[in-house]
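This is what each chain is made of:
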Amino acid sequence: MRSEQVEIFSDQTNAAVMRHPGRRFPGLLIQGDTLAGLCRIADEACREVGRGAPGFAEVNEIRNALRGLLDHYKRTLDEHGMPLPFSE
């Protein structure tokens, strides 16, 4: 882990906008528990649409992207000995 200064454009709860050093544009910080909730919603959307139905591929693509981010988040916290801010 390292510490660096970031530019904070907005520190709105669950939607902080900040620019990481070396990046041209700011990004959005999504809290881990909020990301886990979005993954649950995406899982439910996939179940509701149903495999093979029109639109499933697009919903599943969103779900997979969110799951990839959540997996990275969980691995990173584990590597640093931190607990998850949500239950699985």
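Parameters and conventions
- Residues numbered from 1 in each chain as written.
- Predicted model: local features only at pLDDT ≥ 70, side-chain atom pairs only at ≥ 80, totals over all residues.
- Heavy atoms only, no water.
- Helix = DSSP H or I, 4+ residues; strand = E, 2+ residues; numbered from the N terminus.
- Expected span 1.5 Å × (residues − 1).
- Buried < 20%, exposed > 50% of the residue type's maximum accessible area, 1.4 Å probe, protein only.
- Pairing = 2+ DSSP bridges.
- Axes fitted to C-alpha atoms, helices over the stretch in contact; angles between N-to-C directions.
- Contact = heavy atoms within 4.5 Å.
- Parallel < 35°, antiparallel > 145°, perpendicular 65-115°, else oblique.
- Left-handed = near helix turned anticlockwise from the far one by under 90°.
- Nonpolar A, V, L, I, M, F, W, Y, C, P; charged D, E, K, R; others polar.

Our focus in this paragraph is helix α2 (residues 56-79). The terminal C-alpha atoms of α2, which comprises 24 residues, lie 34 Å apart, in line with the 34 Å expected from a rise of 1.5 Å per residue. Residues of α2 that are buried include every one of Phe56, Asn60, Arg63, Leu66, Leu70 and Leu77, and no others. A positive phi of about 65° marks Gly81, the residue just after α2.

Before going further, it helps to examine unusual backbone geometry. Notably, Asn14 is not glycine yet its phi reads approximately 60°, a positive angle. Topologically, Asn14 is positioned in the loop between β1 (7-10) and β2 (16-19).

Sheet topology note: the β1/β2 ladder contains three bridges and is antiparallel. Residue pairing in the sheet places Ser10 in a bridge with Val17 of β2. In this structure, the hairpin formed by β1 and β2 is closed by a connection of five residues, where Asn14 is found at a positive phi of approximately 60°.

In space, the three strands of this open sheet follow the order β1-β2-β3, with antiparallel pairing throughout. The sheet terminates laterally at β1 and β3 (27-29), the two strands that pair on one side only. The sheet shows a mean angle of 40° between the axes of neighbouring strands, direction not considered. Across three bridges, β2 lies against β3 in antiparallel orientation. Directly across from Ala16, in β3, lies its bridge partner Leu29.

With respect to the helices, strands and loops of the structure, Pro85 is situated in the segment after α2. Between the C-alpha atom of Pro85 and that of Leu70, which follows or precedes it by 15 residues, the distance is 12 Å. Those residues within four positions of Pro85 in sequence are excluded, and the remaining contacts are Gly32, Asp33, Tyr73 and Leu77.

So, on to the packing of helix α1 (residues 32-49) against α2. Where α1 meets α2, the closest approach of the two axes is 9 Å, and the angle between their N-to-C directions is 155°. In terms of orientation, α1 and α2 fall into the roughly antiparallel class. By crossing handedness, the relation of α1 to α2 is classed as left-handed. Residues Gly32, Leu35, Ala36, Leu38, Cys39, Arg40, Ala42, Asp43, Ala45, Cys46 and Val49 of α1 form the contact with α2, whose own contacting residues are Phe56, Val59, Asn60, Arg63, Leu66, Arg67, Leu69, Leu70 and Tyr73. Residue composition of the contact of α1 with α2, grouped by class: 14 nonpolar, two polar and four charged.

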